[in-house]
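The lines below spell out each chain.
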Amino acid sequence: MRKIVLSNGKTVEVECLSCALTSGELEPDGGVLAETPFFHAHQDAAYPIEGLVILASKRHIKSFDELTEEERMDYISLLSSIRSAQRRALGIEYVYYFYNEDTTHHFHTWMVPRYEWMNDFGRSVESLRPVLLHARNHLNNEENNKKVIAALTALRQELSPSMEEEKR
Ligand SMILES: [Zn+2]
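Residues numbered from 1 in each chain as written. Predicted model: local features only at pLDDT ≥ 70, side-chain atom pairs only at ≥ 80, totals over all residues.

Peer 1: Would you take a moment to explain the overall build of the chain for this structure?
Peer 2: Along the backbone of the chain there are four helices and seven strands. Starting at the N terminus and walking to the C terminus, you meet the elements of the chain as β-β-α-β-β-β-α-β-β-α-α. In terms of overall dimensions, the chain is globule-like: its C-alpha atoms have a radius of gyration of 15 Å, near the 15 Å expected for 168 residues. Along the first, second and third principal axes, the C-alpha set of the chain runs to 40 × 40 × 30 Å. Across the 168 residues that make up the chain, the buried fraction comes to 27%. In the chain, of all internal contacts separated by at least 6 residues, the share reaching a separation of at least 24 is 57%. (Helix = DSSP H or I, 4+ residues; strand = E, 2+ residues; numbered from the N terminus. Rg over C-alpha atoms; globule rule 2.2 N^0.38 Å. Buried ≥ 20, exposed ≤ 12 C-beta atoms within 10 Å, placed from the backbone. Contact = placed C-beta atoms within 7 Å.)

Peer 1: Looking at this structure, I do not really get the sheet that holds strand β4 (residues 39–42). What am I missing?
Peer 2: What holds strands together in a sheet is hydrogen bonding between their backbones, with the strands either parallel or antiparallel. Spatially, the five strands line up as an open sheet ordered β3-β4-β5-β7-β6, and their pairing is antiparallel. The sheet is open, and its two borders are formed by β3 (32–35) and β6 (95–98), each paired with just one other strand. The average angle at which neighbouring strand axes cross in this sheet is 20°, direction not considered. For β3 and β4, the ladder comprises three bridges, and the chain directions are antiparallel. Among the inter-strand pairings, A34 is bridged to a residue of β4, identified as A41. (Pairing = 2+ DSSP bridges. Axes fitted to C-alpha atoms, helices over the stretch in contact; angles between N-to-C directions.)

Peer 1: Is there a simple way to explain helix α2 (residues 69–90) in this structure?
Peer 2: Helical periodicity: at 3.6 residues per turn, an α-helix aligns residues three or four positions apart in one direction. Look at α2: 31 Å from first C-alpha to last across 22 residues, which is about the 32 Å you get at 1.5 Å a residue. For α2, the complete set of buried residues consists of E71, L78, I82, A85 and Q86. Projected down its long axis, α2 carries its buried residues within an arc of 105°, all on one side. Facing away from the buried side of α2 by more than 90 degrees, the exposed set consists of E69, M73, I76 and S80. G91, located one to two residues past α2, shows a positive phi value of around 65°. (Expected span 1.5 Å × (residues − 1). Arc of directions from axis to C-beta.)

Peer 1: Sorry if this is basic, but what is going on with the environment of I49 here?
Peer 2: Looking at the element boundaries, I49 is found in the loop between β4 and β5 (53–57). In sequence terms I49 and N145 are 96 residues apart; their C-alpha atoms lie 8.4 Å from each other. Not counting residues within four places of it along the chain, the set of residues in contact with I49 comprises V112, P113 and A135.

Peer 1: What is the right way to read the environment of S63 from this model?
Peer 2: Within the secondary structure, S63 is located in the loop between β5 and α2. On the basis of neighbour count, S63 is assigned to the exposed category, with 11 C-beta atoms found within 10 Å.

Peer 1: Please clarify how the nonpolar core should be interpreted in this entry.
Peer 2: Across soluble globular proteins, you tend to see nonpolar side chains buried next to one another. Residues L33, A41, V53, L55 and I82 are the most contacted members of the largest nonpolar core, which totals 26 residues. Looking at this core, the elements with two or more residues in it are β3, β4, β5, α2, β7 (108–113), α3 (128–138) and α4 (142–167). Examining the composition of this core, we find that five residues originate from one element, α4, more than from any other. Excluding residues within four positions of it along the chain, A41 makes contact with L33, A34, V53, I54, L55, L78 and I82. (Core = buried A, V, L, I, M, F, W, Y, C linked by C-beta atoms within 7 Å.)

Peer 1: Mind showing me how you'd approach unusual backbone geometry here?
Peer 2: Leaving glycine aside, a negative phi is the common case for residues, and trans is the common case for peptide bonds. The phi angle at S124 is positive, at roughly 60°, despite the residue not being glycine. Residue position: S124 is located in the loop between β7 and α3. What makes S124 exposed here is the crowd of 8 C-beta atoms within 10 Å.

Peer 1: What should I look at first to understand the UniProt feature "domain: HIT" (unreviewed entry) in the chain in this one?
Peer 2: Using the residue numbers shown here, the UniProt feature "domain: HIT" (unreviewed entry) corresponds to residues 17–123. The distance separating the terminal C-alpha atoms of residues 17–123 is 30 Å; by composition the span is 26% helix and 21% strand. (UniProt positions renumbered as here; feature names shortened; annotations may be inferred.)

As structure tokens, then:
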């Protein structure tokens, strides 16, 4: 078991944070954004950026080449749906995607929207970590957290119709 300190200050002991979140053992702040048989999407509250989404597999795997054919289809479909919702509901023009296989958790893709203020931290991949740290250290306030939850709600509403269509 590993001890993980959550953004709300609580400490949890889990084998794998992604397993705990995707299985429902641990409820993410703001709740589940979207869920399919193979994947689970939520906001990472530790990095309060409007429209930031973590897309995690339900299976405890680390690498892209461990995905089954079905999971690959499900992944690209859900990723694209979320991307589309970010554009329609929040007007997000660009998204940065980040995914590392040597994670301490398991397979999860970061979808980080690109906003004007992020230009102060540079462009492209070099700006990603400074942007996330800035959000964690300076944007974790009540006013911004409200905006983050509102964005998550807007995304969820935008996604629901398409999720319903997929079930048909
Ligand atoms: Zn896991």
